[in-house]
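Observations on the three-dimensional arrangement
Take a look at the letters that make up each chain.
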Amino acid sequence: MAEEKLPTREENFSDWYNQLVLKAELADYSPVRGCMVVRPYGWTLWENIQQALDKRFKETGHVNAAFPMLIPMSFLEKEKEHVEGFSPELAVVTIGGGEKLEEPLVVRPTSETIIGYMYSKWVKSWRDLPILINQWGNVMRWELRTKLFLRTAEFYWQEGHTAHATEAEAREETLRMLDVYEDFAVNEGAVPVIKGIKSETEKFAGAVMSTTIEAMMQDTRALQSGTSHYLGQNFARAFEIQFTNRENELEYCYTTSWGLSTRFIGAIIMTHGDDQGLILPPRLAPVQVVMVPIFKSEAEKAAVMPVADRIFSELKAAGVRVKMDDREEVTPGFKFNDWEMRGVPLRMEIGPKDVEKGSVALARRDRPGREGKSFVSQENLSATVQEMLVTIQAALLERATAMRDSNIHNPKDYEELKQVVQGGWAFSYWCESKECEAKVKEDTKASTRCIPLEGQPEKAGECIVCGGKAERKVIFAKAY
RNA sequence: CGGGGCGUGGCUCAGACCGGUAGAGCGCACGGUUCGGGUCCGUGAGGUCGUGGGUUCAAAUCCCGCCGCCCCGACCA
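Reading the values: the criteria
Residues numbered from 1 in each chain as written. Chains lettered and ligands numbered in written order. Predicted model: local features only at pLDDT ≥ 70, side-chain atom pairs only at ≥ 80, totals over all residues. Heavy atoms only, no water. Pairing = 2+ DSSP bridges. Helix = DSSP H or I, 4+ residues; strand = E, 2+ residues; numbered from the N terminus. Axes fitted to C-alpha atoms, helices over the stretch in contact; angles between N-to-C directions. Contact = heavy atoms within 4.5 Å. Near = heavy atom within 4 Å. Polar contact = N/O pair within 3.5 Å; in protein donor to acceptor, adjacent residues only side chain to side chain. Buried < 20%, exposed > 50% of the residue type's maximum accessible area, 1.4 Å probe, protein only. Arc of directions from axis to C-beta.

**Details of the sheet that holds strand β17 (residues 346-350)**
Two orientations exist for strands paired in a sheet by backbone hydrogen bonds: parallel and antiparallel. Here 5 strands make up an open sheet; going across it, the order is β16-β15-β17-β18-β19 and the pairing mixed. Every other strand in the sheet has two partners, leaving β16 (322-324) and β19 (373-377) as the edge strands with one partner each. The sheet shows a mean angle of 25 degrees between the axes of neighbouring strands, direction not considered. Inspection of the sheet shows strand β15 (residues 289-293) paired to β17 by 5 bridges, in the parallel sense. Along β17, the bridge assignment pairs Val290 with Arg347. Lying on the sheet, helix α9 (residues 298-317) is in contact with β15, β16, β17 and β18 (359-364); it crosses β16 at an angle near 160 degrees. With respect to the sheet, helix α12 (residues 381-405) is in contact with β15, β17, β18 and β19, its orientation differing from that of β18 by roughly 10 degrees.

Next up, the structure:
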């Protein structure tokens, strides 16, 4: 049960986040350092995320499968950049059944290698392509500094892995899935994102090109919320994924991979939450409407409950995820705070006065206090509620978008950039050299987040760091 | 792995400097009261004081070792 207040976001954003996750009962710390226990409320949220994404994956022609969690160490070593990128954070199994293993097995940090190995067995002809497989699962990366949902040693995600006959098709797939992520983030999570390309230093280990959706949290730090990689022939060569083309020539495939993890829950929390607690977008919320019946006496209870039960059934039949909080050992006021902590988008109060007047009280979570409270008729209540959920969803997106847009700046020189990234994002010309990128990082702790795919100016400019020629603009920001 | 801090009922902490055998608030259980914004009262359960050693008649308290956790710096969805 939620008790006591959170620190405000202003006071300590990080502490606000940590306590919110615990008090909203999304997750808890596990006995193993860096791992987390996802509690039922958090997992239901994840299930809703899964459904929304999975539907989109199926619509774009993908199918699900499951690959093993243990991968021979030698597989990781087949792709040079891949192993260099991941070796510091691998968990390795060296004993099985009490015997030392001949070859150590790594707990998958991601599955390009094992899937690449399997694809090499399955692909023979151009007729076998493309392969469009997704996997829902967990992976492990031995993180040094962890934070619930944002960075944990074990996390849950989906990873899509596709193989194609041509570079063009694989590149198209990479961007198609990035679009899917954007659509999901914006329309389901009400999380506005910027699609873009990662710099060489920020890209996935083993990729030719990494793309990302970047979201701005309320403290203005950036959160990489989903990634889609074009892997070229790197993994195809490492695992000999070859096919015979129409001209009877042997060719390597072009592969992609793309993933979105439980980190997205962190994005939702830090995009929408307020000082009262979590605010969930209606489309993903485990509970969309919580009903709080109000009565003093047995007589009032007898008058209120049948009406409340009837409304509950109506909403449920209409497909609304509704919860009746009929606990009698806590006061309504306590319940209000409790469900606000958990982020339920809409609260319905129903008491003796409402029964008398044929009304109910609705309180919007996104507008605290009197401002968000309204009294509506019990007539057509399902429709009223559904409309309000749509309104709340839209309002959350609008508010988050406005917040983000007002914190993206176009600094005129390097001095201003240094200022700007302390509390916002800088959208600036960059020559794409590692040196300039590193200088910004050293001076400000801000990194390049992505080169946006949209909103680029038509003509080239001068790098904000060195003044050299810059074809495109990049976002510099502090990141999670 | 470097710098700092902390380990005492489920949680937050007091007790330690000055050794004498453990307390508060919250939570939990039970009873009553209250209920349209975190009701109030009563009763009760619950602790090898992180761990191992040392000093002492006596250690939560003093000394030494170890373990664990948190925060700040180098890597990351």
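So that's the structure; there's more coming.
**Some words on the protein's contact with RNA strand B**
If you check the shell around RNA strand B, you find 36 residues, and the closest are Arg145, Arg151, Arg263, Thr331 and Asp354. For RNA strand B, the fraction of protein-proximal atoms (within 4 Å) that sit in sugar or phosphate groups is 39%. In this structure, a base nitrogen belonging to RNA strand B sits 2.6 Å away from a side-chain N or O atom of Glu340. At 3.4 Å from a base oxygen of RNA strand B is found a main-chain nitrogen or oxygen belonging to Gly351. Elements represented by at least two residues in the surface near RNA strand B include exactly β11 (222-232), α10 (332-341), β17 and α11 (352-357).

**Here we look at helix α14 (residues 434-444)**
Within the sequence span of α14, burial applies to Cys436, Glu437, Val440 and Thr444. Each buried residue of α14 sits inside an arc of 105 degrees when the element is viewed along its axis, so together they form one side. Turned more than 90 degrees away from the buried face of α14 sit Glu435 and Glu442, all of them exposed. At its buried positions, α14 is contacted by α13 (414-420), β21 (425-430), β22 (447-452) and β25 (472-477). The positive-phi residue at the C-terminal boundary of α14 is Lys445, with phi of around 70 degrees.

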